[in-house]
Amino acid sequence: MEDLEIARACALYADDKKAENIRILDLRGLSPISDYFVLVTAMSTPQLRAVRDEIVERMKEEHRMPPTVKDGNFESQWIILVYGSVMVHILTPEKREFYALEELWGDAPELALTAEAPPPEPKEPKPKAVKKKAVAKKTAARKAPAKKAAKKK
């Protein structure tokens with residue numbers, strides 16, 4: 001089984017358990033650790049467990065492939081499964097937003113979840129925030145406070 005097929009199978013199994021925001025990133029040439037990332041959002045701890053179990057069980061049953069690495073726990077809200085050169089990241093929305101793996105690997109192209117689907121549209125780079133320079137307001141010339149002349153009598 002090719003690595004891309006493994007990534008797509010894992011994405012499909014996660015989808016079967018109603019995982020959200022499923023994405024496959026192609027890291028070939030960008031990372032020495034992995035060729036593909038499958039990023040998945042599980043909305044709760046029970047769903048995190050269900051998605052992990054579904055992927056592990058179906059990969060064993062249908063492809064005779066147990067994960068080479070299982071890392072993370074439910075309290076951490078981030079589970080990693082490794083199948084050869086494919087890393088599956090199952091995260092809660094808070095952890096996914098905090099670690100922002102899509103932004104970290106922003107140069108990686110996103111692949112279609114199925115072979116039949118067209119590839120996703122290329123992401124437009126986000127415009128960088130432009131810091132506005134402080135503009136000094138022009139005010140009327142300030143007059144020095146008038147000194148009261150001491151009147152001597």
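Everything here concerns the structure above.
Keep in mind that this is a model prediction, so the values were computed, not measured.

(A) Layout of the overall build of the protein. The helix and strand tally for the protein stands at four helices and six strands. Starting at the N terminus, the α and β elements of the protein follow one another as α-β-β-α-β-β-β-α-α-β. Classification of the 153 residues of the protein by burial places 35% in the buried group. Sequence separation of at least 24 residues holds for 58% of the intrachain contacts in the protein that already meet a minimum separation of 6. Per element, the accessible surface of the protein, about 11,100 Å² overall, is 54% carbon and sulfur.

(B) Representation of the nonpolar core. Counting 27 residues, the largest nonpolar core has Ile55, Tyr83, Val88 and Ile90 as its most contacted members. When sequence neighbours within four positions are dropped, the list of residues in contact with isoleucine 90 reads Val40, Ala42, Leu48, Val51, Arg52, Ile55, Gln77, Trp78, Ile79 and Leu81. Within the second largest apolar cluster, eleven residues are counted, among which are Leu25, Phe37, Ile80 and Leu91.

(C) Layout of the sheet that holds strand S3 (residues 69-71). On the basis of which strands lie adjacent, the open sheet formed by six strands has the order S3-S4-S5-S2-S1-S6 and mixed pairing. The sheet is open, and its two borders are formed by S3 and strand S6 (110-111), each paired with just one other strand. Direction of pairing for strand S2 (residues 36-41) relative to strand S5 (residues 86-91): parallel, over a ladder of six bridges. When the bridges of S5 are listed, valine 40 appears paired with isoleucine 90. Strands in contact with helix H2 (residues 45-63) are S2, S3, strand S4 (78-83) and S5; relative to S4, the strand with the most contacts, it is inclined by about 10 degrees.

(D) A look at H2. Look at H2: 26 Å from first C-alpha to last across 19 residues, which is about the 27 Å you get at 1.5 Å a residue. Turning to H2, its buried residues number three or more, namely Gln47, Leu48, Val51, Arg52, Glu54, Ile55, Val56, Arg58 and Met59. Buried residues along H2 sit against helix H1 (3-16), S2, S3, S4 and S5. Arginine 64 occupies a position one or two residues after H2 and carries a positive phi of about 55 degrees.

(E) Highlighting the packing of aromatic side chains. Evaluated as defined, the whole model comprises three aromatic pairs. Summarising the aromatic geometry, the rings of phenylalanine 37 and tryptophan 105 are spaced 5.9 Å apart at their centres and angled 80 degrees between planes, so their arrangement reads as edge-to-face. With phenylalanine 37 in strand S2 and tryptophan 105 in the loop between helix H4 (101-104) and S6, the pair connects residues that are 68 residues apart, well separated along the chain. Since its relative accessible area comes to 6%, phenylalanine 37 is described here as buried. Residue classification places tryptophan 105 among the partly exposed residues on the basis of a relative accessible area of 22%. Lying across the ring of phenylalanine 74, arginine 49 places its NZ or CZ 4.0 Å from the centre.

(F) Molecular detail of the side chain of threonine 92. Considering the arrangement of structural elements, one finds threonine 92 in the loop between S5 and helix H3 (93-99). Excluding residues within four positions of it along the chain, threonine 92 makes contact with Thr41, Ala42, Leu48 and Gln77.

(G) Structural detail: the packing of H1 against H2. In the contact formed by H1 and H2, the axes pass within 9 Å of each other and the chain directions differ by 130 degrees. Judged on the interaxial angle alone, H2 and H1 are oblique. The interaxial crossing formed by H1 with H2 has right-handed handedness. Contacts from Ile6, Ala9, Cys10, Tyr13, Ala14 and Asp16 of H1 reach H2 at Val51, Glu54, Ile55, Arg58, Met59, Glu62 and His63. The residue inventory of the contact of H1 with H2, partitioned by class, reads eight nonpolar, one polar and four charged.

Conventions used here
- Residues numbered from 1 in each chain as written.
- Predicted model: local features only at pLDDT ≥ 70, side-chain atom pairs only at ≥ 80, totals over all residues.
- Heavy atoms only, no water.
- Helix = DSSP H or I, 4+ residues; strand = E, 2+ residues; numbered from the N terminus.
- Buried < 20%, exposed > 50% of the residue type's maximum accessible area, 1.4 Å probe, protein only.
- Contact = heavy atoms within 4.5 Å.
- Areas by Shrake-Rupley, 256 points an atom, 1.4 Å probe, with all protein chains shown as cover.
- Core = buried A, V, L, I, M, F, W, Y, C linked by side-chain atoms within 4.5 Å.
- Pairing = 2+ DSSP bridges.
- Axes fitted to C-alpha atoms, helices over the stretch in contact; angles between N-to-C directions.
- Expected span 1.5 Å × (residues − 1).
- Phe/Tyr/Trp six-rings, centres within 6.5 Å; stacked < 30°, edge-to-face > 60°.
- Lys NZ or Arg CZ within 6 Å of the ring centre and 35° of its normal.
- Parallel < 35°, antiparallel > 145°, perpendicular 65-115°, else oblique.
- Left-handed = near helix turned anticlockwise from the far one by under 90°.
- Nonpolar A, V, L, I, M, F, W, Y, C, P; charged D, E, K, R; others polar.

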